[in-house]
Amino acid sequence: MAEITASMVKELREKTDAPMMECKKALTEAEGDMAKAEEILRVKLGNKATKAATRIAAEGIVGLYLAADGKLASLVEVNCETDFVAKNDDFIALAKSLAQLVATQKPADVAALSALELNGATVETTRTALIGKIGENLSIRRFERIEAQGKLTSYVHGGAKIGVLVDVTGGDEQLAKDLAMHIAASKPKSLDASGVSADLLDTERRIAIEKAREAGKPEAMLEKIAEGTVQKYLKDVTLLGQVFVKAEDGKQTIEQLLKAKGAKVNGFTLYIVGEGIEKKVSDFAAEVAAQAAAAKK
C-alpha cells in the first residue's frame, strides 16, 4: 500500500476543491495514483472535482497579430511571474512583436522563434535583457500561426488574458465577431466531436457508469445512461454543439446559427494565459517565520 502523505492530500485538494478527508480516502482507494484519485472524486462529488481543469495559474498575456486582409494571423503566450509585469509596456510590446515574427517568419517551435532577430538582436537576447530590466523571469510558452481558409477574426479579453482567432467562411463581420466572443466566453475544446480525444470520452463514460451504479441504476441501463452523458458532454465542449451565448431563445446552437447565416467555421484557436500551469501559492507569514528562524541560527 502506497503511503499517503499530507502533501499528496493537499495537492489533490488544490486540484479538486474537495474536502480533505474525501481527498485522503480517494488517494487511499487509488493507492496513491493522483489521476485515479481525481477520477474517484468526480464519481463521488460530480463536476466540483474538476476545478483544476479551468484554473488559470500563471501570469502573462496573449500577443496577437492579424494581417489586414484577415488571411494570416498568430497567437503567442508569453508568461511572467506577476500580473503587475503583465501590464508593463515593454512586456506587452515584446508579446506583440513575437506574434508578428511568428506570422511572418514561420518558426517551427519556441527554440526557433528564440533564435530569430528582433530589433537587431535575437529574441533570446531581447528576452534576457528584459528580465534584467524588469527583475522577473519571462518565458515564451507557445504560439500558433494560422492561414485562413475564409477570413480570420480576432478577439482579446481580460487584459489580453484570453485570445481568440476564428476562421469563418460566409456570414458577415458581426457574426464573426460574435463567434470569437462566444469562444472566449464558452471555451469549447474543439470544433466538433471529431476533435475530442477518445481517452477523454472514455473517462466521461466510465465516470457516468460508476455514478449511475452508485445511484442504484440497473446494470442493463448503465451503457445507455453513459451514452446520454457523453452526448451531453459533447454538446457542452464542442463549438458547434454549444448554445450561442447571445441566443434570444436560449436554445439556438452555434451550428444552427451558422446554418441560418449561410456561414461555416473552418477552425478556431483559443489561448488562455496560464491554462494548465500550476502557480506556486506562497504562505507569506510562514516565509517570514522561516527567515526569522534562519537568522537566529
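Above this text sits the structure in question.
Residues numbered from 1 in each chain as written. Predicted model: local features only at pLDDT ≥ 70, side-chain atom pairs only at ≥ 80, totals over all residues. Heavy atoms only, no water.

1. Observations regarding the sheet that holds strand β8 (residues 264-272)
Reasoning step 1: Reading across from one edge, β6-β7-β8 is the order of the 3 strands in this open sheet, with antiparallel pairing throughout. Looking at the sheet topology across the chains shown, the edges are occupied by β6 (151-157) and β8. The mean inter-strand angle of the sheet, taken between neighbouring strand axes irrespective of direction, is 15°.
Reasoning step 2: Looking at chain direction, strand β7 (residues 162-169) and β8 are connected through 8 bridges and run antiparallel. Bridge pairing in β8 places V164 opposite L270.
Reasoning step 3: Contacting β6, β7 and β8, helix α9 (residues 173-186) crosses the sheet at an angle of about 140° to β7. (Pairing = 2+ DSSP bridges. Helix = DSSP H or I, 4+ residues; strand = E, 2+ residues; numbered from the N terminus. Axes fitted to C-alpha atoms, helices over the stretch in contact; angles between N-to-C directions. Contact = heavy atoms within 4.5 Å.)

2. Some details on the sheet that holds strand β5 (residues 139-147)
Reasoning step 1: Across the sheet, 3 strands lie side by side as β1-β2-β5; this open sheet has antiparallel pairing. Single-partner strands in this sheet number two, and they are β1 (59-66) and β5. Going from strand to strand, the sheet's axes swing by 10° on average, the running direction of each strand aside.
Reasoning step 2: When β1 meets strand β2 (residues 72-80), the two strands line up antiparallel, connected through 8 bridges. Along β2, the bridge assignment pairs L66 with A73.

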